[in-house]
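# Inside the fold
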Amino acid sequence: MSGDHNILEKGFKNVPANGRATGFQLAVKTGYYRGVYANLIEGFEVTVDGTTFQRNQIRLTIGGHTYALDKLADLKHVRWQWLEPAILTVHTPGGLTPGLHDVRVTELLRISYMPVQPSVYSFRRRLTLVK
Amino acid sequence: MARKKPSTSKRVKAALSHRSRSRRLSAARSATKLGVTLYSYGGDLHQGFMSLEDCIADVADMGGVGIEILGESHVPDYPNPSARWVKQWFGWMEKYHTKPSAYDLFVDTMFYKKRLLTVDEAVEYLLLDFKLAHRLGFKVLRQQWAPYPADNPADQMWAPYVKSTPAMEVIEKALPYAERYDLKMAVELHSPTQLQSPWMDSCLEFIAKTKTKHFGFTPDMSIFTRRPPRHREAQLFRAGARPEIISYIRKAYQNHLGPEKTVAEVTRMKGNAQELRWASIAGVYHFSDNDPKDLLPLLPYSYHIHGKLWEMTDDLREYSIAYEEVVPVLKEGGFQGYISSEYEGSRVPGDASEQIRRHQLMLRRLLGVRNGR
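Conventions and cut-offs
All chains use their own residue numbering, which begins from 1 and follows the written sequence. All chains are assigned letters beginning at A, and all ligands numbers beginning at 1, according to the order in which they are written. With pLDDT at 70 or above as the cut-off, local features in this predicted model cover only qualifying residues; side-chain atom pairs require 80 or more to be listed or tallied, and sums for whole chains, interfaces and linings still use all residues. The way it works is that DSSP assigns letters per residue, a run of H or I at least four long becomes a helix, a run of E at least two long becomes a strand, and they are numbered from the N terminus. Using C-alpha atoms as the atom set, the radius of gyration is obtained and then compared with a globule rule of 2.2 Å times the number of residues to the power 0.38. Neighbour density around each residue's C-beta defines its exposure: 20 or more other C-beta atoms within 10 Å make it buried, 12 or fewer make it exposed, and counts between make it partly exposed, where C-beta atoms are placed from the backbone. What counts as a contact here is a pair of residues whose C-beta atoms, placed from the backbone, lie within 7 Å. Each residue is assigned to one class: nonpolar for Ala, Val, Leu, Ile, Met, Phe, Trp, Tyr, Cys and Pro, charged for Asp, Glu, Lys and Arg, and polar for all the others, Gly among them. We call two strands paired when DSSP finds no fewer than two bridges between them. Working definition: the nonpolar core is a set of buried Ala, Val, Leu, Ile, Met, Phe, Trp, Tyr and Cys residues, joined through C-beta atoms within 7 Å. Residue ranges for the domains originate in an automatic or database domain assignment. Directions pointing from the helix axis toward each C-beta atom define the arc. Axis angles are defined between N-to-C directions and span 0 to 180 degrees, where every axis is a line fitted to C-alpha atoms and, for a helix, only to the segment in contact. Should an angle fall under 35 degrees it is taken as roughly parallel, and over 145 as roughly antiparallel, whereas 65 to 115 is taken as roughly perpendicular and any remaining angle as oblique. Handedness of a helix crossing follows the sense of rotation of the near helix relative to the far helix, less than a right angle counterclockwise being left-handed and clockwise being right-handed. The predictor attaches a confidence to each residue, called pLDDT, with possible values from 0 through 100. Between the first and last residue of a helix there are one fewer steps than residues, each counted as 1.5 Å, and that sum is the expected span. The quantity called bend is, for any residue, the angle between two axes fitted respectively to the seven residues ending at it and the seven beginning at it.

Okay, the overall build of chain B next. Along the backbone of chain B there are 15 helices and eight strands. For chain B, the C-alpha radius of gyration of 20 Å lies close to 21 Å, the compact-globule estimate for 373 residues. The principal-axis extent of the C-alpha atoms belonging to chain B is close to 55 × 50 × 45 Å. Counting only residues that meet the buried cut, chain B has 48% of its 373 residues in that class. Residue pairs in contact within chain B that sit at least 24 positions apart in sequence constitute 83% of those at least 6 positions apart.

Shown next, in the form of structure tokens:
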């Protein structure tokens, strides 16, 4: 599904808020029809204006806690609730230039009953980075 | 390539026939009930266009009574909603004159990356859902047949809807808990389920052996799909799939090639990402090829039905599923539970309600139901 609504306008920003940016953040809602235990998240891919970031540049915040993508598989009881926007923090010195950006996010989940692994949800949205 | 279709064994049929007869006798007195699974409102809920209460109100507005939910989608703070929310849930049921029809749960056997859940671990997770379902007043579970490897590797094409010893063990070990919480584990028969199969035989044998009233089925009408939904093919074309490849995939599945061989062939044809993904999952839509009459032996143990719909045409027919062939079988078999409309089409907010209304009207006409109760 094109799933533009899965990438939120709110939450697209450089971090930290003050001082020199070390990266940027964006909020995503799942493309799946139910919430999952966080260890079922195989990963996220983020591409902005054609630049694809590396897995180890990305961290995920759910329920107020932040995890490296490779650490998700070790979790057991953390829920990514269905309606909860997860925050992706992408480490890239200087962050993004304020302005319009073509943002693509791919969500990868390990869904047991599907014939092919992983399940892939792709989103794309043009977002405005204010600061 | 002809497929061998084993028939339900005579021994199993004999063991169950007494129950079929008494069910049919009581059919004359009972009416199938109507409801909707809130899964249908996925787009509206996820994008904040409708609240859970709005969905319940919508179902009531169209004369539906049964409300079906997915714990992991619709219950805030799953699996432990607040007492306040639970009270509100019952308040909605009263306000809209609706009833909890079925609670949907899953068995995520691939919980860990490196190994499958053991049967005991799977039952532990099921128990969380049993408790929550019971807390919310549900009596019927639309339960997933646990995705463990098939006993017979040749069955893998129909996975996870296959005979599987670990999956059966999950049912056996969960049974005492289902009894304790007064729940019926109604395992979903979703496409590509084969109604005449070793899997169904093993389930009926289990029911005959235990005489349990806490394990049975939720037939999903997708098992009677004749052709893929139009919106899915339209989506594929928009995303860059080529008509000739999509057409090949449709023929491959109609010739029972199965997902692996179809994917291999489309790879050879240099299919793109959209085409490859469709090659792997298209079978879910039109691979079952079941005869509606094959539902009859299962109806005495069917506690819920998923009325699948993708597209209701202007003349109130489902584009992919011949309901006019299936509903008479439900009536003949004396099905007493809810038919729960499960809209799986557009997720654009606003689209679901209209399609579900058409579906509910079609069901009323086919069933001869007056008020859905």
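After that view of the structure, there is still more to cover.
If you look at the interface, chain B gives 21 residues, while chain A gives 19 residues. Broken down by secondary-structure element, the contributors of at least two residues to the side of chain B that touches chain A are α2 (42-46), α4 (71-74) and α12 (273-281) of chain B. Considering only residue class, the side of chain B that touches chain A consists of ten nonpolar, seven polar and four charged.

Moving on: the sheet that holds strand β5 (residues 51-52) of chain A. Residues and elements named next belong to chain A. Strand order in the open sheet formed by four strands is β5-β4-β10-β11, and the pairing between neighbours is antiparallel. Each of the sheet's edge strands pairs with one partner strand only, and the pair in question is β5 and β11 (119-129). Relative to β5, strand β4 (residues 41-48) is paired through two bridges, and the arrangement is antiparallel. By the bridge assignment, T47 is partnered in β5 with T52.

So, on to the nonpolar core. C55, Y103, A122, A133, L141, V170 and M185 of chain B are the most contacted members of the largest nonpolar core, which has 85 residues in total. Ignoring sequence-local partners within four residues, the contact set of A133 of chain B consists of Y103, F138, L141 and L183 of chain B. In this structure, L26, I41, F44 and L96 of chain A belong to the second largest nonpolar core, which totals 19 residues.

It is worth spelling out the domain arrangement of chain B at this point. Residue and element names in this part refer to chain B. Here chain B is described as being made up of domain 1 (31-225 + 290-367) and domain 2 (227-287). Taken over C-alpha atoms, the centre of domain 1 sits 27 Å from the centre of domain 2. Here the side of domain 1 that touches domain 2 is composed, by residue class, of four nonpolar, five polar and one charged.

So, on to helix α11 (residues 259-268) of chain B. Residue and element names in this part refer to chain B. Every buried residue belonging to α11 is among P259, T262, V263 and V266, and all of these are buried. For α11, the angular spread of the buried residues around the axis is 100°, confining them to a single face. Of the surrounding elements, those touching the buried residues of α11 are α10 (243-254), α12 and α13 (283-286). Positive backbone phi, at 60°, marks K270, one or two positions downstream of α11.

Residue and element names in this part refer to chain B. Across the interface, α10 lies against α11 with an axial gap of 10 Å and an inter-helix angle of 155°. Relative to α11, α10 is oriented roughly antiparallel. Classified by chirality, the crossing of α11 by α10 is right-handed. Between α10 and α11, the residues in contact are I245, I249, A252 and Y253 and T262, E265 and V266, respectively. Looking at the contact of α10 with α11 residue by residue, the class counts come to five nonpolar, one polar and one charged.

Residue and element names in this part refer to chain B. The parallel open sheet is built from eight strands, whose spatial order is β6-β5-β4-β3-β2-β1-β8-β7. Of all the strands in the sheet, the pair left with one neighbour each is β6 (215-219) and β7 (305-309). Sheet twist, expressed as the mean angle between neighbouring strand axes with direction ignored, is 30°. Judged from the four bridges that link them, strand β1 (residues 33-37) and strand β8 (residues 338-343) form a sheet pairing that is parallel. If you follow V36 over to β8, its bridge partner there is S341.

In most cases, non-glycine residues show a negative phi, while peptide bonds are predominantly trans. Between Q117 of chain A and P118 of chain A the backbone carries a cis peptide bond, its omega angle lying at -10°. Even without glycine at this site, D49 of chain A takes up a positive phi of about 50°. Counting through the fold element by element, D49 of chain A comes out in the loop between β4 and β5. Of note in this structure, K211 of chain B is not a glycine but carries a positive phi near 55°. Mapped onto the secondary structure, K211 of chain B falls in the loop between α8 (198-210) and β6.

Quick look at the confidence of the model for chain B now. Summary statistics for chain B give a mean pLDDT of 91 and a share of 91% for residues scoring 70 or more. As scored by the predictor, the complex reaches a pTM of 0.91 and an ipTM of 0.95.

Further remarks concern helix α7 (residues 165-180) of chain B. All names here are of chain B. End to end, α7 covers 24 Å across 16 residues, agreeing with the expected 22 Å (1.5 Å per residue, within 8%). Maximal helix bending in α7 amounts to about 45°, located at A174; proline P176 follows within four positions. Listed as buried for α7 are A167, M168, V170, I171, A174 and A178. In the core, the buried residues of α7 are packed alongside α6 (119-135), β5 (184-189), α8 and β6. Downstream of α7 by one or two residues, D182 has phi in the positive range, about 55°.

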